[in-house]
Amino acid sequence: MMRLMVAKLFTIIGIVMLSIFGCVAYAQHKSSLKLWYDQPVVDQIWEQALPIGNGRLGAMVYGIPEREELQLNEETIYAGGPYRNDNPNALNALPQIQQLIFAGKTEAADRLTNQSFFTKTHGMPYQTAGSVILNFPNHKNYQNYYRELDLEKAVVRSRYTVDGVTYTREVFSSFADDVILMEITASKRGALNFDLEYANPSRYNIYKSGQSLILEGSGTSHEGIDGKIRYQKHTAVKNKDGRVTLTDNKLTVSGATSVVIYMAVATNFVNYKTLDDQEAVRAASTLALAQKKAFKTALKQHIAMYSKQFALFNLDLGQTAGQENLTTTKRIESFKTTQDPALVALLVQFGRYLLICSSQPGGQPANLQGIWNRSMNPPWDSKYTVNINTEMNYWPAEVTNLSETHEPLFQLIKELSESGRETARVLYGADGWVTHHNTDLWRVTSPIDFAAAGMWPTGGTWLTQHLWEHYLYTGDQKFLTEVYPVMKGAADFILSIFIAHPKHKDWLVIAPSISPEHGPISAGVTMDNQLAFDILTRTALASEIVDQDAAYQAKLIKAARKLPPMQVGRYAQLQEWLEDLDDPKSDHRHVSHLYGLYPGNQISAYRTPQLFEAAANSLQYRGDFATGWSIGWKINLWARLLNGNKAYQIIDNMLTLANHKNPDGRTYPNMFTAHPPFQIDGNFGLSAGVAEMLLQSHDGAVHVLPALSELWSDGAVSGIVARGGFTVDMNWKDGQIRNIAVTSKIGGNLRLRSYWPLKGKGLKRAAGENSNNLLNPIAGKEALVSSQATLKGPHLKPIFEYDMATQRGEKYVFNAQ
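The present account deals with the structure reproduced in this document. Model, not experiment: these values are computed from the prediction.

Moving on, we come to the overall build of the protein. Helix and strand counts for the protein come out as 20 helices and 35 strands. Taken over 817 residues, the protein has a buried fraction of 66%. Entry remark: accessible area of the protein is about 28100 Å², with carbon and sulfur atoms responsible for 49%. Within the protein, the 77 negative side-chain charges are centred at a point lying 3 Å from the centre of the 78 positive side-chain charges.

Moving on, we come to empty space enclosed by the protein. Over the atoms, a rolled probe matching the size of one water molecule traces out where space is still vacant. Throughout the structure, instances matching the rule amount to 7 cavities of 30 Å³ or more. In this structure, the largest cavity encloses a volume near 250 Å³. Tallying contributions element by element places helix α13 (residues 459–474) first for the lining of the largest cavity, with 5 residues. Of the residues contributing to the lining of the largest cavity, the split by class is 8 nonpolar, 4 polar and 6 charged.

A volume near 780 Å³ is recorded for the largest pocket. Forming the walls of the largest pocket are 40 residues, and the residues nearest its centre are Gln-360, Pro-361, Gly-362, Gly-363 and Gln-364. Within the residue set of the lining of the largest pocket, elements represented by two or more residues are β16 (258–267), β17 (269–271), α4 (279–291), α5 (295–310), α11 (407–428), α13 and α14 (477–497). Ranked by residue count, the leading element in the lining of the largest pocket is α11, at 6 residues. Split into classes, the residues belonging to the lining of the largest pocket amount to 11 nonpolar, 16 polar and 13 charged.

With that settled, the discussion passes to helix α16 (residues 550–561). Here α16 spans 17 Å end to end across 12 residues, near enough to the 16 Å set by a 1.5 Å rise per residue. Burial in α16 covers these residues: Tyr-552, Gln-553, Leu-556, Ile-557, Ala-559 and Ala-560. For α16, the arc enclosing every buried residue in end-on projection is 160 degrees, short of the 170-degree limit, so these residues lie on one face. The exposed set on the far side of α16, more than 90 degrees from its buried face, consists of Ala-551, Lys-555 and Lys-558.

Here we take up the packing of helix α17 (residues 609–622) against helix α18 (residues 628–640). Where α17 meets α18, the closest approach of the two axes is 11 Å, and the angle between their N-to-C directions is 145 degrees. In the packing of α17 onto α18, the handedness of the crossing is left-handed. Facing Phe-612, Ala-616, Leu-619, Gln-620 and Arg-622 of α17, the residues of α18 in contact are Lys-634, Leu-637, Trp-638 and Arg-640. The residue inventory of the contact of α17 with α18, partitioned by class, reads 5 nonpolar, 1 polar and 3 charged.

The next subject is the pairing of β16. The two faces of a sheet get side chains in turn, since along a regular strand they alternate between them. Counting buried residues in β16 gives 10 out of 10 residues, a clear majority hidden from the surface. In β16, alternate side chains face the same way, and those of Ser-258, Val-260, Tyr-262, Ala-264 and Ala-266 on one face and Val-259, Ile-261, Met-263, Val-265 and Thr-267 on the other are all buried. Pairing analysis gives 6 bridges linking strand β9 (residues 180–186) to β16, with the strands arranged antiparallel. Across the sheet, the residue bridging to Met-182 is Ile-261, located in β16. Here 9 bridges tie strand β13 (residues 230–239) to β16, and the two strands are oriented antiparallel to one another. From the neighbouring strand, Asn-239 faces β16, where its bridge partner is Val-259.

Basis of the calculations
- Residues numbered from 1 in each chain as written.
- Predicted model: local features only at pLDDT ≥ 70, side-chain atom pairs only at ≥ 80, totals over all residues.
- Heavy atoms only, no water.
- Helix = DSSP H or I, 4+ residues; strand = E, 2+ residues; numbered from the N terminus.
- Buried < 20%, exposed > 50% of the residue type's maximum accessible area, 1.4 Å probe, protein only.
- Areas by Shrake-Rupley, 256 points an atom, 1.4 Å probe, with all protein chains shown as cover.
- Lys, Arg positive; Asp, Glu negative; His and termini not counted.
- Charge placed at Lys NZ, Arg CZ, Asp CG, Glu CD.
- 1 Å grid on protein atoms, 1.4 Å probe; cavity = no way out; pocket = protein on both sides within 12 Å on 5 of 7 lines; lining within 4 Å.
- Points joined across faces, edges and corners; volume = space filled by probe spheres on them.
- Nonpolar A, V, L, I, M, F, W, Y, C, P; charged D, E, K, R; others polar.
- Expected span 1.5 Å × (residues − 1).
- Arc of directions from axis to C-beta.
- Axes fitted to C-alpha atoms, helices over the stretch in contact; angles between N-to-C directions.
- Left-handed = near helix turned anticlockwise from the far one by under 90°.
- Contact = heavy atoms within 4.5 Å.
- Pairing = 2+ DSSP bridges.

Written as structure tokens, this is what we have:
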């Protein structure tokens, strides 16, 4: 059997130690799940506005009394149209580039790569849909101002008083009706008066049709690709009293007490290959259906649909007295003094909120800014950067009980596996499919930008790991069968491009490539080797489960055995390249060679102690401060290194207020994280990182509180998910686990790992290999260690491990002894 073959060649690990766990009743501070402010957005600063979204349709809500702005986004408004960016000169140049790399002539290899692999087209930018502006006469002098984002309901509210009249606004992007709704009320009858108009940075046309104000807009042309996206915004007002007047360029409300504004946006996008002419029909029909519902009914249905996802996970890390009385901006600003754990929990839940609101089944995955972008030419085009950022967006998906949000990424991967076959053939003469470090709505797969950033042919290899990880969390064999051809295509590409290293002929390497955004152009970089190992061995296991092609499985394993082993260099660091080139003084933001530690699982405290120590040294050398997304990655890495206090130190670096006074800040007033500028991956990385501090399941067991910070001495979490289909609720006190409840979604052996002894009915000491292969990692070759390296050995806490045979749908309770 294939698994026996893999076991013999790589030893599928099941470490035997002692472990303990216990179960939990959970109580969340409900009032803590709000971002709130005592002033509106100042000076039109976008990073103070509050985000709403339903996966497809997003808005940033400013909450300004005299001039409310809703800056809109729709997930398919991109520049350009269907196109490809394959350079037909690449294949002929490939052998010469490889020869130059192996000869050490990296500058010449870089020049030739830029000339032959790249084109003038470097991806299409994600673009704003413009804004809806509401002008309120005589509302400049207001009092008693308040606004909030309610994470439990996905609703933004604002309230203020002018001349004794209280005005309230409530706005959400409906999960139920696929429109944005805004109710505005005045406490005095007939006191509501405002104009509504559009603002748009691209070419547009505005007109009225029936009771709707309509804007026709389009995506721009870019880098020689004609703009093909067309969209329409339809806005209508439902009033109970007063008067609504519609002209060709604005909508006026006068003498009203309460109104509801309905906003629909639709495009002509069908899929990455196809456009149509139905944007007007889509917008009009969506708006008409939404208008049939009363606001309260629409709000109730929206909250019910959203809550099905958000309410699945709760987190209580404790709180600092009095902090709930401070605005969110003040809480971030004072975090260095207060170390308020409730603010960390709020940021975790905000990350989950953003993922729910920017990634829903049937739509596009979250890009560099989720779905929130005010520009026609945003930083890095706000595309999909797949050398870390897109993957990081989905790190919280499974572990924080948002598996459904993962589906748009799976669809993107399937589509890249289609478009990437042509790129594999044209550029490499290879089987399977490839994508490089960046893609967009149109699913381009050839390299973009320049060689030192874009000549990286393992972007698809990394993305494909998400398919396998979803299987490990769910045990869904139907899903695995569906995506197996995508995994096989990624593995076939790697098999096709392997070449023997001329100095180490028993090693198969990938060339040309780079360690992402950290040149030089090279062969056999550590991250590529780690990614190749994962795709080859995991595809072999997937083949055993769904395909049963023993010859193909053996081919994959044979190739995996020829990968270079990971190496410990002269500074006792994990080498980033085959050569010992690492600079211990470098603080470069990318730590790509640590993929094998996280999100991979090839480096372990218990299985590979030398690599574990070397990874810790590499991370220490790189420093604790970085860009927002890099901070997010480092939290997860320190959690995997079982160092909760160090992981917390990195969280502390993230929770510094970012504004014009502090360019080194990493969290904006609206809790978006700063690269800077804003990139959403930092939010998602932090949410995943805190979860990783509380629960890990990558290393043969479900490890409770593996990296708990000393500052979170008392707390609870519910709905956190482990591989193997286990949902865990637990609480702890004085830094020690007290109670654990585990619900088994699919049955199978539960192996628990703990720093404390546990007791529970049916719980027994673990022995031998874990019979649940969804929890078991695959071990590779032993590390090569430089003779100049000094390794001290990791200092690990003693652990306890237990086994429990579980049944589908049953809950199991454990307690500390």
